[in-house]
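An overview of the molecular structure
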Amino acid sequence: MRQILESQIINVTVYTDQALVTRRSVVSLTGQEQELAIAHLPVTLQPESVRVKGKGSMVVQILGVSTERTFFTEPVAPRVAQITQQIQQLEAQKRNLQAQIDALALQSSFIQGLREKTGEQFSVGLARKNLSLSEVLDFVNFLGSQYSEYAIATEDYKNQQREIEKQLQALRKQLQQVQTPEPQESINVLVEIQSAGAGELELEVSYVVNHASWHPLYDLRVDSQSQTVNLGYLAEIQQNTGEDWQDVNLTLSTAKPGLGTLPPQIQPWYIDIFRPSPPMMTRSIMPMAAPAASRGMDEAASLEAESLDMDGIVPITAAGVEVSKQGSVVTFKLAGGGNIPSDGSPHKKTIFHENYPCRFQYIAIPRLVSFAYLEAQVKNPGDGATLLPGNANIFRDQMFVGTTELANIAPGEDFSVNLGIDEGLKIVRNLVERVADKKLLGSYRKVTFAYRLSITNLLDQEATFKVTEQLPVSRNEQIKVRLLRSQPSIQLGEMGILEWVLVLPAQGKQELYYQFTVEYPPEIGIIGLDI
């Protein structure tokens, strides 16, 4: 004997490209039931992922689990009544608007008749000086304003009618579709049981569905005064699985169950001589019959064939977001009920908000730009959550700065947040020397260059600056570039980079200087040495 169960989604774990759904059903058994059916599950369900377990007041054995595809038609009467009521309401609004239009037409007609009848009388009155010109103008203005008001109101009512007619056409089309429904495909999970007697059974069915995903988003709000970054860790969830998730316990996971547990097998990589394919021959193809729905044990389905003798489930609740990590997999158990409809639209959920301390540093590249950029150096706490790759919106003192892309940031790892241009640093860069030796040094000509940079801190507090300059890099062994002097003295880095890190007091100023030479044979020309 089969019994169809009513079930409710209680837990959903969303992965990067799938979701694990858990349904719960409570049923009173008489001891005669042989099969329980959880019906109308979505076709995005993966049959091999089905798991079933139960808890009851009596001993129950789960003998087998299988799935079957079915077709069903939803009841149309309630939906037809709802759409019909909407149509009637809109038609009543349309009739009311038409009555308003008709009333305005009568008023406009009266104004028009009044104008025609009084025109000659006003002319006579003016000629006999019974009426003043101002009285005539007041009356004419009154007629014009009334006529204009009626015309504007009439056009407004007609626009409203046109909008209502669009809604009516859409509803009538929808009504026609509802009245001629097409069968919908679904999946039933069938659980074969053996019960030791009557009692209550709590059954949980879990399965993986496709067309569900989530990815992280971030809001980084930098407070310059307190030197903190408020990091808002958000999740953008999308699902089009065929069933709505309403008031469920929602968990987000970075696991990728669909990729399997084994690495892919390498197959031979063949190459051969190209041979043209023979011409295609036309042949008739006999249609194949569709396989019948299976009612036996689904090899891919799973069961827990064990005797159950339990009192029930004790729910565990979390006061906030519960973050856990196992290997490289991170999970977030969100607080509160999750509501994600099956509409394919993105829905944002907050994972947590946290304040991180930061330190500011100004980045200056005077050779390219004459202003500085502010950068915040932030440290993910050692006991914090892993920040997954995702887009981040950056705000500085309540002002939107821009967006950036965060990489994977582990607990205890540092990361930087660029905050855009800052006018708290004044930079002046001057070429103070360019001398070409008239005498050849051996068989080489030498040109000497020197630059002086003036860095001024215009802020009311101490600030750290990283100033980067650049020497030309030779791509030919006959051209030699040498750093002669730098002040303060620093080592020349890779690709000709010079980098100073300065700490200037409020309103402080410091000068930087460097000198270099370029040596090359006089018979060759040099490109790229544009100073």
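What counts and how
- Residues numbered from 1 in each chain as written.
- Predicted model: local features only at pLDDT ≥ 70, side-chain atom pairs only at ≥ 80, totals over all residues.
- Heavy atoms only, no water.
- Helix = DSSP H or I, 4+ residues; strand = E, 2+ residues; numbered from the N terminus.
- Buried < 20%, exposed > 50% of the residue type's maximum accessible area, 1.4 Å probe, protein only.
- Contact = heavy atoms within 4.5 Å.
- Areas by Shrake-Rupley, 256 points an atom, 1.4 Å probe, with all protein chains shown as cover.
- 1 Å grid on protein atoms, 1.4 Å probe; cavity = no way out; pocket = protein on both sides within 12 Å on 5 of 7 lines; lining within 4 Å.
- Points joined across faces, edges and corners; volume = space filled by probe spheres on them.
- Nonpolar A, V, L, I, M, F, W, Y, C, P; charged D, E, K, R; others polar.
- Phe/Tyr/Trp six-rings, centres within 6.5 Å; stacked < 30°, edge-to-face > 60°.
- Pairing = 2+ DSSP bridges.
- Axes fitted to C-alpha atoms, helices over the stretch in contact; angles between N-to-C directions.
- Salt bridge = Lys/Arg side-chain N within 4 Å of Asp/Glu carboxyl O.
- Patch = residues over 30% accessible without salt bridge, like charges linked within 9 Å, V, L, I, M, F, W, Y side chains within 5 Å.
- Core = buried A, V, L, I, M, F, W, Y, C linked by side-chain atoms within 4.5 Å.
- pLDDT = per-residue confidence, 0-100.

Observations regarding the overall build of the protein
Each helix and strand in the protein was counted, giving two helices and 25 strands. Residues classed as buried in the protein amount to 37% of the 531 residues present. Across the protein, the fraction of contacts at a sequence separation of at least 24, relative to all contacts at a separation of at least 6, is 77%. Carbon and sulfur atoms form 51% of the exposed surface of the protein, whose accessible area is close to 33000 Å².

Some words on the layout of surface pockets
A volume near 560 Å³ is recorded for the second largest pocket. Along its surface, the second largest pocket is lined by 22 residues, and Arg23, Ala39, His40, Gly242 and Glu243 are the ones closest to its centre. Elements represented by at least two residues in the lining of the second largest pocket include exactly strand 1 (2–5), strand 4 (35–41) and strand 7 (184–195). Its residues assigned to classes, the lining of the second largest pocket comprises eight nonpolar, eight polar and six charged.

Considerations on the packing of aromatic side chains
The tally for this structure, following the rule as stated, stands at 11 aromatic pairs. Aromatic pair Phe371 and Tyr373: ring centres 5.8 Å apart, planes at 65 degrees, arrangement edge-to-face. We classify Tyr373 as partly exposed; its relative accessible area is 35%. Through a chain of ring-to-ring contacts, the aromatic side chains of Trp214, Tyr218, Tyr233, Phe332 and Phe352 assemble into a single cluster.

Brief notes about the sheet that holds strand 21 (residues 445–457)
An order of 20-21-25-23 is seen for the four strands of this open sheet, with the pairing classed as antiparallel. The strands lining the two open edges of the sheet, one partner per strand, are strand 20 (425–436) and strand 23 (480–487). Strand-to-strand twist of the sheet, defined as the mean angle between neighbouring strand axes without regard to direction, takes the value 15 degrees. With 12 bridges joining them, strand 21 and strand 25 (residues 509–520) adopt antiparallel strand pairing. For Ile455, the partnering residue across the bridge sits in strand 25 and is Gln510.

A word on the pattern of salt bridges
Evaluated as defined, the whole model comprises 16 salt bridges. Arg172 is the salt-bridge partner of Glu91, the closest N and O atoms lying 3.3 Å from each other. Residue Glu91 is located in helix 1 (residues 77–127), and its partner Arg172 is located in helix 2 (residues 133–179); the two are separated by 81 residues in the primary sequence. Classification of Glu91 as partly exposed rests on a relative accessible area of 28%.

Some remarks on a nonpolar patch on the surface
Judged by side-chain polarity, Phe371, Tyr373 and Ile421 come together as a nonpolar surface patch covering roughly 260 Å² of accessible area. The topology assignment puts Ile421 in strand 19 (residues 414–422).

What to know about unusual backbone geometry
The step from Gln487 to Pro488 runs through a cis peptide bond, and the omega angle for that step is -5 degrees. Position of Pro488 relative to the elements: it lies in the loop between strand 23 and strand 24 (497–504). Positioned with a positive phi, His40 is a non-glycine residue whose angle comes to about 60 degrees. Note on placement: His40 falls in strand 4.

Describing the side chain of Ser186
Residue position: Ser186 is located in strand 7. If sequence neighbours within four positions are ignored, Ser186 has contacts with His40, Leu41, Val43, Glu68, Arg69, Thr70 and Phe72.

Comments concerning the nonpolar core
Ranked by size, the top nonpolar core spans 90 residues in total, and within it Trp245 and Phe332 carry the most contacts. With seven residues, strand 15 (residues 347–364) is the single largest residue contributor to this core. The contacts of Phe332, once residues within four sequence positions are left out, are Trp214, Tyr233, Leu250, Thr251, Leu252, Val321, Glu322, Val323, Ile351, Ala385, Thr386 and Leu388. Core analysis: the second largest hydrophobic core is formed by 10 residues, Val80, Ile83, Ile87 and Leu90 among them.

Topic: the sheet that holds strand 8 (residues 199–209)
The seven strands lie next to each other as 5-8-3-2-11-14-13, forming an open sheet whose pairing is mixed. The open sheet has two edge strands with one neighbour each: strand 5 (51–56) and strand 13 (322–326). Within this sheet the neighbouring strands show an average axis-to-axis angle of 20 degrees, counted without direction. Where strand 13 meets strand 14 (residues 329–340), five bridges bridge the pair, whose relative direction is antiparallel. By the bridge assignment for strand 14, Glu322 is matched with Lys333.

Observations regarding the environment of Gln3
Residue placement: Gln3 occurs in strand 1. Using a relative accessible area of 25% as the deciding quantity, one classes Gln3 as partly exposed. Between the C-alpha atoms of Gln3 and Ala37, which are 34 residues apart in sequence, the distance is 6.1 Å. If near-sequence neighbours (up to four positions away) are discounted, Gln3 is found in contact with Val27, Ser28, Leu29, Glu33, Glu35, Leu36 and Ala37.

Looking at the pairing of strand 18 (residues 399–406)
For a regular strand, the rule is simple: side chains alternate between the two faces of the sheet. Across seven bridges, strand 17 (residues 390–396) lies against strand 18 in antiparallel orientation. Residue pairing for strand 18: Gly390 is matched across the bridge by Leu406. Following strand 17, the chain reverses through two residues before pairing antiparallel with strand 18; Asp397 in that reversal takes a positive phi of roughly 50 degrees.

Notes on the environment of Tyr520
Looking at where Tyr520 falls in the secondary structure, it is placed in strand 25. Sequence spacing of Tyr520 and Lys446 is 74 residues, and the spatial spacing of their C-alpha atoms is 6.8 Å. Leave out the neighbours within four places in its chain, and Tyr520 touches Tyr444, Arg445, Val447, Gln478, Ile479 and Ile526.

Considering the confidence of the model for the protein
Close reading of the predicted structure is inappropriate where its pLDDT is low. Of all residues in the protein, 82% attain a pLDDT of 70 or more, and the chain-wide mean is 82. Strand 2 (residues 8–14) holds the highest mean pLDDT among the elements of the protein, 95, whereas strand 12 (residues 307–308) holds the lowest, 34. Throughout residues 280–319 the model reports pLDDT below 50, and contacts reaching past four residues in sequence, or to other chains, amount to 62 contacts.

Some words on the side chain of Ser206
Mapped onto the elements, Ser206 comes out in strand 8. Here Ser206 falls in the buried class, since its relative accessible area comes to 16%. Filtering out sequence-adjacent residues up to four positions away, Ser206 remains in contact with Leu20, Val21, Thr22, Ser49, Val50 and Arg51.

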